[in-house]
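Residue strings, one per chain:
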Amino acid sequence: MISANHEQQITTEDIIRSRRSVRKYERGVTIPAAEWNEILELAFSAPSSWNLQHWRFLTIQEQANKDRLLPIAYNQQQVSDASINVVVLGDLQANLAAETVFENAAPEVREMMLGQINGAYANNSVFSRDEAIRNASLAAMQLMIAAKAKGYDSVSMGGYNPKALIKEFNIPERYIPVMIISIGKAAAPGRATERLPMEHQVISESF
Ligand SMILES: Cc1cc2nc3c(=O)[nH]c(=O)nc-3n(C[C@H](O)[C@H](O)[C@H](O)COP(=O)(O)O)c2cc1C
């Protein structure tokens, strides 16, 4: 249960059920810094392989920068109107975080984990790319749920030009853009969407 106020209890289920992709936002809304930090903290509590936390969030909230992002996102208006755009990046060299992540582990555990992680990442660009996208996507989903829990809406976007994004915002080669998420106060609700039948989506035991 997430306690909203004295009269009302909003459940995790309510938040998940009420999230929709919102594409119309009130312009000029600033998410207070303390609240934004809480949202980030919730997003960053996502699980990740070996706890390597493969995500980086490039946050774009100055209007001039949102408007630089607009054509890169094929003029999807939400990019200009929302309070914040988060360019979710995946770390292609997440193994480099291992030393810090396992800093306080027992020396033998640390050595074992570092050996395992560096072994997995050695000369394996497919693995590092899959891991970057897989793990950053979990933080991205948590970001949207956390924002919703704090009263903000969002839309995740794959509709952008990655080459132009990398160039315009000087994204280092180490990071791969995974998606952009616009977050803000809804000016109009998202449209209802259907889901495919459960029997189509669930394969029980084996194909
Ligand atoms: C990876 C990904 C990429 C998406 N790209 C876009 C996009 O570029 N523009 C957009 O308006 N919506 C985009 N969406 C939102 C989807 O259209 C939306 O999630 C889907 O229709 C289901 O609706 P709902 O989010 O309201 O439940 C994207 C969603 C995901 C997960």
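Note that the coordinates shown come from a computational prediction; the quantities given were computed from them, not determined experimentally.

A. Broad picture of the pattern of salt bridges. Evaluated as defined, the whole model comprises nine salt bridges. With its nearest N and O atoms 2.9 Å apart, the salt bridge here joins Arg-17 to Glu-13. Residue Arg-17 and its partner Glu-13 are both found in helix H1 (residues 12-18); the two are separated by four residues, about one turn of the helix. Taking relative accessible area as the criterion, Arg-17 reaches 63% and is therefore assigned exposed. In this structure Glu-13 comes out as partly exposed when scored by relative accessible area, which is 47%.

B. Expanded view of the site of the ligand. Ser-21, Arg-23, Gln-76, Gly-158 and Arg-195 are the nearest of the 13 residues found near the ligand. A distance of 3.0 Å separates a nitrogen atom of the ligand from a polar atom in the backbone of Ser-156. Between Arg-195 and the ligand, the recorded distance is 2.7 Å, taken from a side-chain N or O atom to an oxygen atom. Burial of the ligand by the surrounding chains reaches 62%, relative to a free accessible area of 620 Å². Residues belonging to the shell around the ligand are distributed by class as follows: two nonpolar, seven polar and four charged.

C. View of the packing of helix H2 (residues 33-43) against helix H7 (residues 125-149). Where H2 meets H7, the closest approach of the two axes is 8 Å, and the angle between their N-to-C directions is 140°. As judged from the angle between their axes, H2 and H7 are oblique. Viewed along their axes, H2 and H7 form a crossing whose handedness is right-handed. Across the interface between the two elements, Trp-36, Ile-39, Leu-42 and Ala-43 from H2 touch Ala-139, Gln-142, Leu-143, Ala-146 and Ala-147 from H7.

About the thresholds
- Residues numbered from 1 in each chain as written.
- Predicted model: local features only at pLDDT ≥ 70, side-chain atom pairs only at ≥ 80, totals over all residues.
- Heavy atoms only, no water.
- Salt bridge = Lys/Arg side-chain N within 4 Å of Asp/Glu carboxyl O.
- Helix = DSSP H or I, 4+ residues; strand = E, 2+ residues; numbered from the N terminus.
- Buried < 20%, exposed > 50% of the residue type's maximum accessible area, 1.4 Å probe, protein only.
- Near = heavy atom within 4 Å.
- Polar contact = N/O pair within 3.5 Å; in protein donor to acceptor, adjacent residues only side chain to side chain.
- Areas by Shrake-Rupley, 256 points an atom, 1.4 Å probe, with all protein chains shown as cover.
- Nonpolar A, V, L, I, M, F, W, Y, C, P; charged D, E, K, R; others polar.
- Axes fitted to C-alpha atoms, helices over the stretch in contact; angles between N-to-C directions.
- Parallel < 35°, antiparallel > 145°, perpendicular 65-115°, else oblique.
- Left-handed = near helix turned anticlockwise from the far one by under 90°.
- Contact = heavy atoms within 4.5 Å.

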